[in-house]
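Architecture and fold: a report
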Amino acid sequence: EPSKEKEAGTTPAKEWSLGESPAGEEQDKQNANSQVSVLFVEKPQGGTVKVGENITFIAKVKAEDLLRKPTVKWFKGKWMDLASKAGKHLQLKETFERQTRMYTFEMQIIKAKENYAGNYRCEVTYKDKFDTCSFDLEVHESTGTTPSIDIRSAFKRSGEGQEDAGELDFSGLLKRREVKQQEEEPEVDVWELLKNANPSEYEKIAFQYGITDLRGMLKRLKRMRRVEKKSAAFAKILDPAYQVDKGGRVRFVVELADPKLEVKWFKNGQEIRPSTKYIFEHKGCQRIMFINNCQMTDDSEYYVTAGDEKCSTELFVREPPIMVTKQLEDTNAYCGERVELECEVSEDDANVKWFKNGEEIIPGPKSRYRIRVEGKKHILIIEGATKADSAEYSVMTTGGQSSAKLSVGLKPLKILTPLTDQTVNLGKEICLKCEISENITGKWTKNGLPVQESDRLKVVHKGRIHKLVIANALIEDEGDYVFAPDAYSVTLPAKVHVIDPPKIILDGLDADNTVTVIAGSKLRLEIPISGEPPPKAIWSRADKAIMEGSGRIRAESYPDSSTLVIDVAERDDSGVYNISLKNEAGEAHASIKIKVVDLPDPPVAPSVTEVGDDWCIMNWEPPAYDGGSPILGYFIERKKKQSSRWMRLNFDLCKETTFEPKKMIEGVAYEVRIFAVNAIGISKPSMPSKPFVPLAVTSPPTLLAVDSVTDTTVTMKWRPPDQIGAAGLDGYVLEYCFEGSTSAKQSDENGEAAFDLPESDSCMNTELIDKRRFHLFTGCRQSLRISCAVLFSGHHTDCKIVLFYPHSEPPKIRIPRHLKQTYIRRVGEAVNLVIPFQGKPRPELTWKKDGADIDKNQINIRNSETDTIIFIRKAERSHSGKYDLQVKVEKFVESASIDIQIVDRPGPPQTVKIEDVWGENVALSWTPPKDDGNAAITGYTIQKADKKSMEWFTVIEHYHRTNATITELVIGNEYYFRVFSENMCGLSEDATMTKESAVIAKDGKVYKNPVYEDFDFSEAPMFTQPLVNTYAVAGYNATLNCSVRGNPKPKITWMKNKVAIVDDPRYRMFSNQGVCTLEIRKPSPYDGGTYCCKAVNDLGTVEIECKLEVKVIYQGVNTPGQPVFLEGQQQVGSPSAGSSCKAYLQT
């Protein structure tokens, strides 16, 4: 092996001096403790303890995201695993709290010793997660105690079944380094080699010769260099130390000064007895002990006693060199992949070192290298390999080494999602996204220049996805973007086009977007617009486009505005004009109202509504067109009919449409006309009015009075007016109205009106009359007035108003005698009550029930001139109550009341109890019913029934009390009792029965019921319907059915080819009422075989088998997918395309 190492060109090992740390060890320790914890919730902290005292270190791991318990290891130094050292000085404990889901791991050191001090480490792993923590332990001497001179006992090996089991072994603290192996390995005494070696070569020798407890050996060596006193009992003492290979034989020799002294041999303080392992010999004064088949447990302290003296020695058992049994293999990998380099050695959990290009690999929390040990297998894991990991890797043990080359190359890059061209609105977000097959970095460029990140521009790299995000897109963001992955010559281009939807800016217009122009002037309306690319503007009116050109109405387009031009504005140009903008980003629309204002049209010819001796009243309507501007007022002019000269009557505008001209000559005909005025000017005059003549007014009639009044007529009389104007008197106008009304009605020609009331409350005659008497209808108070009419002037004058009253009769209600007391009816019967009354004119009737209005949907009310009828087709208890009738004639009111009671059968008593039983008697008591049927309870009916027959017999009827005593009952019988309630309608429909029965006991023997044993229904399982051999069609579900019975219920197990079917998603098992079903989902030919159903309970086991064959056969070419069945078979249920159904094949 050493010669092989030289040929391979292994680099020289690094040599450490005793107690030194490898380069960067302290820094790694600090980095490990300072990094963010992955699994630890609470890390163990360093501590101080005195010799002989106990100390406990605690680590906690949160289990919320863990599916199973994590693996925790405790180490002393860098390599020594403390799990195998658990015993009386070291205890490891772990607990789990379900409420907090927290794992707690404890390491307790019992009766600490000075050599326990040092650096410890706790490691926790879960799947691919790893966390570690280092802490220190300081051990101080106890006050007033003297340390023992013999400290070799602190380095005892742990032995199985011995008292010293569980002692700590700190051989793991050995700092091992690679050394040059010699071509030959001569038999050397390591103990002598260490005594004569330079201290800087101690660890080099320890690793070369497999020494696991170098520190202990050096401390012993230091002690043995002391000058020992000459012994009186021993002529020759034991050598300071002995060394032997594992499995070899060692010989201890001591020479006595006195051969008669008794000699005893001890190992770790325990006396050694002769056995096949320990052999004692005496040769003169020599005392010899042989230890055969040395094991690691024999590595300990030995001493021999002679009299009162003793001499001691140390035995070191050297393990055989570790050999590499499986060499490393050359490996090729791609960047980003996980690489595992694996080798095997001759011993489990051996000390192995890994090297990269001759430099040792030291794994740590921040290292990309991890080492996993699985028994004899040692695996170097590289997560996310890069090109820098391409190198020669080697592994070295105490007995051999192996090397291999790792080549890491780039994976062929695949573009999973390329960049796409984008068109984005101005101000929106731009997101360029691509996905490649590898998790690598890359560079973004725009128009050939690198993209610089800013607050608005972000470059995102997450796994295999790369994004370029630009917030609030601007016009300058438009361009050609390219993403180039690092280390590849591939580029991903994309074009970004930034657009802006068109906008119409109407800030300079009114709130309602109205533009006013005077008729005849020129309008040039300029509207600012925006958009990217520049939009195209289209003007239109009433769905008719306005073209650009040289017309009177035309449109003009500019880069930042659009203009509407009207050269000579006309009245017809008023209206709504629409402007539309359009580009590839969208559209914009707006409406502008153009208002062309002009002089108003002349008003319509005025009308004269009333004239006097020198005045008149004239009215007119506003002009149909106000010129687009509100009318400010009017000017009025008049002239004589024979003249052509008009005279203006007002110099201030008249705001109203009514005017009263004055200072006219009576008897002369005049005409008037109107001018309308707005903000633009004065309109043309209106057409002249019809000629009119001012005349004086006739005085009203005098001495109007009522001559006589009957039920149907009234006679009026009056005197002619005192003054009659120049136009004379042509007749009279008679008007009447009802009291309280303000409008009058004309009477007809003869002054008679119909009995039915007209639409309004007043009337006026339609023709002039000269009669002095008129007939009017009665029934209400009326007013009359008389007017004198003059045909020439169209005017009449009113006389005074006369009020008269027609004849009336006070109301009176005549209640029938049978309704003067409570009217009682049963539920379901009809109620028909007739109440007559009197009164003139026809009275007003009002019905109320218990002070509220009657619901006409339940109770019908019919009124006539002489009576009123209340009718209920099917009476209910809710109809009970007090009904009030009110009859009103003018101010006279008459009232009457009727009480109606609707009754029903009562409910049963609430409870019936047996108060006492004595002799042949039973005392009962009960409570009245909750529902009495709206009538008083008149009594109760009690019945009894024998428990055997339960036939009911009446005991007492019409009983008024709520307790009774039932007598003359049969001795030995058991009775139940029930009670009915009774009112005027009869007995209640149900009865209330006693919950308990009354037993009429008799003297004598008590009957004792016989005791019968329970029947045993237990039964061993048995199949009542066996499984049958079945053929299934591939791709369609198949089921196997059988039925089984047994008590207790048997446990069902399905097997295929004698192998139990457990947790297989392709199978579903059902059991319902003893019918067992196995469903095979979409079977394939692989699912064919022998299926077995096994039923087991406490009384036995039974099995039944069948064979299943899966066919993949189709019939012909024209009907693919139809299976061909063998002769004597049929398919139960035809599967449809695209669905999963059960296929049953029967033979």
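Residues numbered from 1 in each chain as written. Predicted model: local features only at pLDDT ≥ 70, side-chain atom pairs only at ≥ 80, totals over all residues. Heavy atoms only, no water.

Definition in use: UniProt positions are given in the numbering used here, feature names are shortened, and annotations may be inferred rather than shown by experiment.
As recorded in an unreviewed UniProt entry, the protein goes by Myosin binding protein C1 and comes from Aotus nancymaae. Annotation of the protein in UniProt includes, under Sequence similarities (unreviewed entry), the sentence "Belongs to the immunoglobulin superfamily. MyBP family."

Description of the overall build of the protein
Under the convention used in this document: Secondary structure elements follow DSSP: runs of H or I no shorter than four residues count as helices, runs of E no shorter than two count as strands, and numbering proceeds from the N terminus. Only protein chains enter the accessibility calculation, which uses a 1.4 Å probe; a residue is then buried when its area is under 20% of its type maximum, exposed when over 50%, and partly exposed in between. We call two residues in contact when some of their heavy atoms are within 4.5 Å. The protein chains shown are the only cover counted for residues, whose accessible areas, like all others here, come from Shrake-Rupley with a 1.4 Å probe.
Of regular secondary structure, the protein possesses five helices and 87 strands. Residues classed as buried in the protein amount to 39% of the 1147 residues present. Long-range pairs, those at least 24 residues apart, make up 63% of the contacts in the protein between residues at least 6 apart in sequence. Roughly 65,100 Å² of accessible area belongs to the protein as shown, and the carbon and sulfur atoms make up 49% of that amount.

Considering the pairing of strand 6 (residues 90-97)
The cut-off we apply is this: Being paired, for any two strands, means DSSP has found at least two bridges between them.
Bridging between strand 6 and strand 7 (residues 102-109) involves eight bridges; their strand directions are antiparallel. Among the inter-strand pairings, K93 is bridged to a residue of strand 7, identified as E106. Linking two consecutive strands that pair antiparallel, namely strand 6 and strand 7, is a turn of four residues; a positive phi of about 50 degrees is found at R101 within it.

Examining unusual backbone geometry
Here K840 and P841 are connected by a cis peptide whose omega angle stands at -10 degrees. Tracing the sequence through the fold places P841 in the loop between strand 61 (831-840) and strand 62 (844-849). N1047 connects to P1048 through a cis peptide bond whose omega is 5 degrees. Its location among the elements puts P1048 in the loop between strand 79 (1037-1047) and strand 80 (1051-1056).

Let's talk about the environment of R98
Summarising the element assignment, R98 is placed in the loop between strand 6 and strand 7. In this structure R98 comes out as exposed when scored by relative accessible area, which is 71%. Residues R98 and A63 lie 35 residues apart in sequence; the distance between their C-alpha atoms is 9.5 Å.

Quick look at the packing of aromatic side chains
Quick reminder of the rule: A pair of Phe, Tyr and Trp rings is counted when the ring centres sit within 6.5 Å of each other, with Trp represented by its six-membered ring. The angle between the planes then sorts it: under 30 degrees is stacked, over 60 is edge-to-face, the rest tilted. Cation placement over rings: the criterion is NZ of Lys or CZ of Arg within 6 Å of the ring centroid and within 35° of the ring normal.
According to the stated counting rule, one finds 16 aromatic pairs in the structure shown. For the ring pair F57 and F135, a centre distance of 4.7 Å and an interplane angle of 35 degrees mean the geometry is tilted. Note that F57 is positioned in strand 3 (residues 55-62) and F135 in strand 9 (residues 129-140), a separation of 78 residues in sequence. For the pair shown, F57 and F135 are each scored as buried. For the cation-ring pair, R368 lies above Y369, with the distance from its terminal atom to the ring centre recorded as 6.0 Å. Stacked on the ring of Y1086, the Lys or Arg K1056 has its end atom at 4.4 Å from the ring centre.

Describing a nonpolar patch on the surface
Worth spelling out the cut-off: Residues forming no salt bridge and having over 30% relative accessible area are the ones grouped into patches, like charges within 9 Å of each other and nonpolar side chains (Val, Leu, Ile, Met, Phe, Trp, Tyr) within 5 Å. In the sections that follow, a salt bridge refers to a side-chain nitrogen of Lys or Arg positioned within 4 Å of a carboxyl oxygen of Asp or Glu.
On the surface, a nonpolar cluster with roughly 200 Å² of combined accessible area is contributed by L426, L474 and I475. Assignment of secondary structure puts L426 in the loop between strand 29 (422-425) and strand 30 (430-436). Among the residues examined, L426 registers a relative accessible area of 32% and is labelled partly exposed.

Describing the sheet that holds strand 66 (residues 881-889)
The strand order 60-67-66-62-63 describes an open sheet built from five strands, whose pairing is mixed. A strand with exactly one partner marks an edge of an open sheet, and here the two such strands are strand 60 (823-826) and strand 63 (852-853). Relative to strand 67 (residues 892-903), strand 60 runs parallel, the two being bridged by four bridges. Each bridged residue has a counterpart across the sheet, and for I824 the counterpart in strand 67 is Q901.

Some points on the nonpolar core
Where we set the bar: Residues grouped as a nonpolar core are buried Ala, Val, Leu, Ile, Met, Phe, Trp, Tyr and Cys residues, joined through side-chain atoms within 4.5 Å.
Core analysis: the biggest nonpolar cluster contains 27 residues, and F57, V61, W74, M107, I109, Y120 and L137 have the highest contact counts within it. V61 has contacts with L39, F40, V41, L66, P70, M102, Y103, F105 and V124, leaving out every residue within four places of it along the chain. With 24 residues, the next largest nonpolar core counts I504, L525, L564 and V596 among its residues.

Digging into the pairing of strand 79
In terms of strand pairing, strand 77 (residues 1019-1025) meets strand 79 through four bridges, oriented antiparallel. Each residue of the ladder has a partner; that of F1023, found in strand 79, is V1044. Relative to strand 83 (residues 1075-1080), strand 79 runs antiparallel, the two sharing six bridges. Bridge pairing in strand 83 places T1039 opposite E1079.

Considering the sheet that holds strand 78 (residues 1030-1033)
Reading across the sheet, the five strands line up as 78-85-84-80-81 and stay open at both edges, with mixed pairing between neighbours. Looking at strand neighbours, the two that pair on one side only are strand 78 and strand 81 (1059-1060), the edges of this open sheet. Two elements, strand 80 and strand 81, share two bridges in a ladder whose sense is antiparallel. Each residue of the ladder has a partner; that of K1056, found in strand 81, is V1059.

With respect to the pattern of salt bridges
Evaluated as defined, the whole model comprises 40 salt bridges. Note that K522 is salt-bridged to D567, the shortest N-O span being 3.9 Å. Remark: D567 occurs in the loop between strand 42 (561-566) and strand 43 (575-583) and K522 occurs in the loop between strand 37 (514-518) and strand 38 (523-532); sequence separation between them is 45 residues. Linking E587 and K582 is a salt bridge whose minimum nitrogen-to-oxygen distance equals 3.8 Å. Overall, the relative accessible area of 52% leaves K582 in the exposed class. Connected through salt bridges with shared partners, the residues K522, R524, R554, E556 and D567 form a single ionic network.

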